[in-house]
Amino acid sequence: MGLVVMSERELNRIEVLSQVSQGRMTVVSAANVLNLSRRQVHRLLRVFQTDGPAALRHKARDRRSNNRIDPAVREFALALVKERYADFGPTLAAEMLLEHHNLKVSRETLRKWMQADGIWLSRKQRRTFHQPRLRRECFGELIQIDGSDHRWFEDRAPPCTLLVFIDDATSTLMQLRFVKSESTFSYFEALEGYLGDHGRPVAFYSDKHTVFRVAQQGAKSGHGMTQFGRALNELNIEILCANSSQAKGRVERANRTLQDRLVKELRLAGISDMEAANAFLPGFMQRYNTRFAKSPRRPDNLHRALNVEPDRLRDILCWRDERYVDRNLVLRYDRKRITLEENDLTRGLVGKYVDSYEYQDGTLEFRSKGVPLPYSAYDKDQRVSHAAIIGNKRLSAVLEHIKQEQDKAPPKKCRAGTQATRYSPTGRRNNGWNSRLAKAAKEKRAASQGSDV
């Protein structure tokens, strides 16, 4: 007869029925062991005693299922998927087959077909692995920077952002600063502290935040770099952007550690505001670096001396731009109307561009070839531009500013309803066909024709 393939359940039934046939077990006990009825046990016992143990084998084994789908249907479905829905998932592909081709196939069946045919990969097969990157060899060669928005003071104060500068070679915290949000000026402030403490590193490593990278690289206008990038370029420091969070995992893991340790130390110290927290950070950094900092592979320190005068550094770490001067010696900046005072220098600036310098304290200067220009400003007094586009990382700070402005004064009244459309000249002249005289002549002719009748 040869080998007979049987399942574990079938082998268990053979063993129990053999004991019943030998009188070592009753039918009731066998029914309880096999979880079957007495009638079913009697039926199986009769088959076992008549045809032997092989008769207990399931009759459908090695036979095709009665509910199987025709192979032609499988081939047709896979052909449609390859032709039109190659990049679709099994669920969406099954919906499209039913909706557009009246072919009903369950998503799990289609998933198995697509996996067997190599069209679809399982989640486990699609998983990507990020290979660990070795640390840089020298201190000051690469500094990872990031901002962590968190409730650093728990419920004692609103959320804020901690700017973190960490050395890639040693995991040393180089600079920490609490700010309201990630902005260009907040990074300028932290960068100024970093340069004063350590000097200029070789490069900074950041994410793709708009502070560091121009979002639209193919833009025709602009200079291809942000204000922060322009400042680093003048300081001869490179800025590199990571393609993923895992690439700058050093600073990401430091953020997670700080969100645990620093929050609790601020609570123990009774600190509930950013000013006191920034004063607390130097001592915390020293303790943290003693505990977690590593030794570099090479002892070289690649930081360079700053060698920049304070006034020159102030002009670098500011918001620089250019503004066009019209024929009335007027230029516009941040919804302000700037009027230059008339003198021998400003008279020659009509139709030219001047440099604007906006500093952290709100001071605004305009210069032409390095010479400051006297001016007067007119503010349109709109607190926040209506429907302004705000980045996600600045939303909390902007909402806080809006609430403060709303508490100061009520908003300006705006006209409601449909506004009259302004006249736009078409360039066509009126030949007089619809003038008052033409209308009077037309009425006179109509009246005369009526009297003649």
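For clarity, every value in this text was computed on a predicted model and none was experimentally measured. (Residues numbered from 1 in each chain as written. Predicted model: local features only at pLDDT ≥ 70, side-chain atom pairs only at ≥ 80, totals over all residues. Heavy atoms only, no water.)

Considering the overall build of the protein
When you go through the protein residue by residue, the secondary structure sums to 14 helices and 12 strands. Accessible area for the protein stands at about 30800 Å²; split by element, carbon and sulfur atoms hold 48% of it. (Helix = DSSP H or I, 4+ residues; strand = E, 2+ residues; numbered from the N terminus. Areas by Shrake-Rupley, 256 points an atom, 1.4 Å probe, with all protein chains shown as cover.)

Focus: the sheet that holds strand S10 (residues 364–368)
Strands sit in the order S6-S9-S10-S11 across an open sheet of 4 strands; the sheet is antiparallel. Among the strands making up the open sheet, the edge pair consists of strand S6 (319–324) and strand S11 (371–372). Pairing analysis gives 4 bridges linking strand S9 (residues 353–358) to S10, with the strands arranged antiparallel. The residue of S10 that forms the bridge with Tyr 357 is Glu 365. (Pairing = 2+ DSSP bridges.)

Re the nonpolar core
Across soluble globular proteins, nonpolar side chains have a tendency to be buried as a group. With 26 residues, the main nonpolar core has Phe 165, Leu 191, Leu 195, Phe 204, Phe 228 and Leu 235 as its most contacted residues. Contributions of two or more residues to this core are made by strand S1 (142–150), strand S2 (160–167), strand S3 (173–179), helix H8 (184–198), helix H9 (227–234) and helix H12 (310–316). A total of 7 residues in this core trace back to one element, the largest contributor, which is H8. Contacts of Phe 165, omitting those with residues within four sequence positions, involve Ile 143, Gln 144, Ile 145, Thr 172, Leu 173, Met 174, Gln 175, Tyr 187, Ala 190, Leu 191, Tyr 194 and Phe 204. Formed by 23 residues, the second largest nonpolar core is a distinct cluster that contains Phe 153, Ile 166, Val 263 and Ile 271. (Core = buried A, V, L, I, M, F, W, Y, C linked by side-chain atoms within 4.5 Å. Buried < 20%, exposed > 50% of the residue type's maximum accessible area, 1.4 Å probe, protein only. Contact = heavy atoms within 4.5 Å.)

Looking at the packing of helix H5 (residues 90–101) against helix H6 (residues 107–116)
Taken N-terminus to C-terminus, the directions of H5 and H6 make an angle of 110°; their axes are 9 Å apart at the nearest point. The orientation of H5 relative to H6 falls into the category roughly perpendicular. Here the hand of the crossing between H5 and H6 comes out right-handed. Listed contacts from H6 to Pro 90, Thr 91, Ala 93, Ala 94 and Leu 97 of H5 are Arg 107, Leu 110, Arg 111 and Met 114. Grouping the amino acids of the contact of H5 with H6 by side-chain chemistry returns 6 nonpolar, 1 polar and 2 charged. (Axes fitted to C-alpha atoms, helices over the stretch in contact; angles between N-to-C directions. Parallel < 35°, antiparallel > 145°, perpendicular 65-115°, else oblique. Left-handed = near helix turned anticlockwise from the far one by under 90°. Nonpolar A, V, L, I, M, F, W, Y, C, P; charged D, E, K, R; others polar.)

Topic: the packing of aromatic side chains
Aromatic rings in a pair are described by how distant their centres are and how their planes are angled relative to each other. Counting across every chain of the model gives 17 aromatic pairs. Between the aromatic rings of Phe 185 and Phe 188, the centroid separation amounts to 6.2 Å while the plane-to-plane angle is 75°, which identifies the pairing as edge-to-face. Placement of the pair is Phe 185 and Phe 188 together in helix H8, with a separation of 3 residues, close to one helical turn. Given a relative accessible area of 18%, Phe 185 falls into the buried group. Here Phe 188 falls in the buried class, since its relative accessible area comes to 3%. (Phe/Tyr/Trp six-rings, centres within 6.5 Å; stacked < 30°, edge-to-face > 60°.)

Topic: the environment of Thr 161
Its location among the elements puts Thr 161 in strand S2. When the C-alpha positions of Thr 161 and Asp 146 are compared, they lie 9.8 Å apart, and in sequence the two are 15 residues distant. If sequence neighbours within four positions are ignored, Thr 161 has contacts with Gly 147, Ser 148, Asp 149, Trp 152, Arg 177, Phe 178, Val 179, Lys 180, Ser 181 and Glu 182.

Quick word on the side chain of Gln 175
Within the element layout of this structure, Gln 175 appears in strand S3. Using a relative accessible area of 7% as the deciding quantity, one classes Gln 175 as buried. Beyond its immediate stretch of four places on either side in the chain, Gln 175 contacts Leu 163, Val 164, Phe 165, Ala 190, Gly 193, Tyr 194, Asp 197 and Met 285.

Description of a positive patch on the surface
Positive charge collects at one region of the surface, where Arg 39, Arg 43, Arg 46 and Lys 59 lie side by side. For Lys 59, a relative accessible area of 59% translates into the label exposed. (Patch = residues over 30% accessible without salt bridge, like charges linked within 9 Å, V, L, I, M, F, W, Y side chains within 5 Å. Salt bridge = Lys/Arg side-chain N within 4 Å of Asp/Glu carboxyl O. Lys, Arg positive; Asp, Glu negative; His and termini not counted. Charge placed at Lys NZ, Arg CZ, Asp CG, Glu CD.)

Some words on helix H10 (residues 249–269)
In this model, H10 (21 residues) spans 29 Å end to end at C-alpha, consistent with the 30 Å of a helix rising 1.5 Å per residue. In H10, a bend of some 35° at Leu 258 exceeds every other bend along the element. Tucked into the core, H10 has its buried residues touching S1, S2, S3 and helix H11 (274–292). Note on H10: the residue one or two positions beyond its end, Gly 270, has a positive phi of about 70°. (Expected span 1.5 Å × (residues − 1). Bend = angle between axes of the 7 residues up to and from the residue.)

Some remarks on the pattern of salt bridges
Oppositely charged side chains can pair when the atoms bearing their charge come close. By the definition in use, this model includes 26 salt bridges. One salt bridge connects Asp 168 with Arg 250, and the closest N-O pair in it is separated by 3.5 Å. Here Asp 168, found in the loop between S2 and S3, pairs with Arg 250, found in helix H10; they are 82 residues apart in sequence, far enough to count as distant. Classification of Arg 250 as buried rests on a relative accessible area of 12%. The salt bridge involving Glu 234 is made with Arg 320; its shortest N-O contact spans 3.4 Å. Of the two residues, Glu 234 sits in helix H9 while Arg 320 sits in strand S6, which places them 86 residues apart along the sequence. For Arg 320, a relative accessible area of 24% translates into the label partly exposed. Here the residues in one salt-bridge network are Glu 137, Arg 297, Arg 298 and Asp 300, joined through shared partners.

Things to note about the pairing of S2
Judged by how many residues are buried, S2 sits mostly within the fold: 8 of 8 residues are covered. Burial of S2 is two-sided: the residues Cys 160, Leu 162, Val 164 and Ile 166 facing one way and the residues Thr 161, Leu 163, Phe 165 and Asp 167 facing the other way are all buried. With 8 bridges joining them, S1 and S2 adopt antiparallel strand pairing. Residue pairing for S2: Ile 145 is matched across the bridge by Phe 165. Across 6 bridges, the pairing between S2 and S3 is antiparallel. From the neighbouring strand, Leu 162 faces S3, where its bridge partner is Phe 178. Taking the residues that link successive antiparallel strands as the turn, the S2-S3 hairpin has 5 residues, and the phi of Ser 171 there is positive, at about 60°.

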